[in-house]
Amino acid sequence: LKLNHLNISTNSCAALSAIFPRMAALKKLTLCRNAIDDNCVKDLVRGLVECKHLHSLELNDNNISDNGLDSLVQGLPANVDKLNVEWN
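Treat the numbers as computed from the prediction; the structure is a model and nothing was measured.

## Structural notes on the side chain of N62
Reasoning step 1: Mapping N62 onto the fold places it in the loop between β2 (56-58) and α3 (66-75).
Reasoning step 2: A polar atom in the side chain of N62 sits 2.9 Å from the backbone oxygen of L59.
Reasoning step 3: In this view, N62 contacts L31, C32, R33, N34, A35, I36, W87 and N88; residues no more than four positions away in its chain are not counted.

Listed below in structure tokens is the structure:
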């Protein structure tokens, strides 16, 4: 699923988080060049925890700080083996 350059921010992240549990077969998620910040990351992680087949998450060129990265590392499913957060 690619959702790049859409200015995704807090409200959008909460909505996405709510539908991720219904996307259990999701393998790759790309959310590059949006307005995702630390609060958005927390919302995303809550939903992505149900995506047991997720292997790749790309969040480059957003607004994620070290705190958001900590939330990602602590909350993502163990099967995620590729995480791209460059240019944050």
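## Examining the state of the cysteines
Reasoning step 1: Taken as a whole and assessed by the stated rule, the structure comprises 0 disulfides.
Reasoning step 2: Residue C40 stays outside any disulfide, its sulfur separated by 3.3 Å from that of C13, the closest cysteine.
Reasoning step 3: A relative accessible area of 0% means that C40 is categorised as buried.
Reasoning step 4: Cysteine C51 is unpaired, with the sulfur of C13 as its nearest cysteine sulfur at 14 Å.

## Brief notes about the packing of helix α1 (residues 10-19) against helix α2 (residues 38-48)
Reasoning step 1: Packing of α1 against α2 brings their axes to within 8 Å, and their N-to-C directions diverge by 5°. Comparing the axis directions of α1 and α2 gives the class roughly parallel. Across the interface between the two elements, T10, C13, A14, L16 and S17 of α1 pack against C40, D43, L44, R46 and G47 of α2.

Here is what the cut-offs are and how they apply
Residues numbered from 1 in each chain as written. Predicted model: local features only at pLDDT ≥ 70, side-chain atom pairs only at ≥ 80, totals over all residues. Heavy atoms only, no water. Helix = DSSP H or I, 4+ residues; strand = E, 2+ residues; numbered from the N terminus. Polar contact = N/O pair within 3.5 Å; in protein donor to acceptor, adjacent residues only side chain to side chain. Contact = heavy atoms within 4.5 Å. Disulfide = S-S within 2.5 Å. Buried < 20%, exposed > 50% of the residue type's maximum accessible area, 1.4 Å probe, protein only. Axes fitted to C-alpha atoms, helices over the stretch in contact; angles between N-to-C directions. Parallel < 35°, antiparallel > 145°, perpendicular 65-115°, else oblique.

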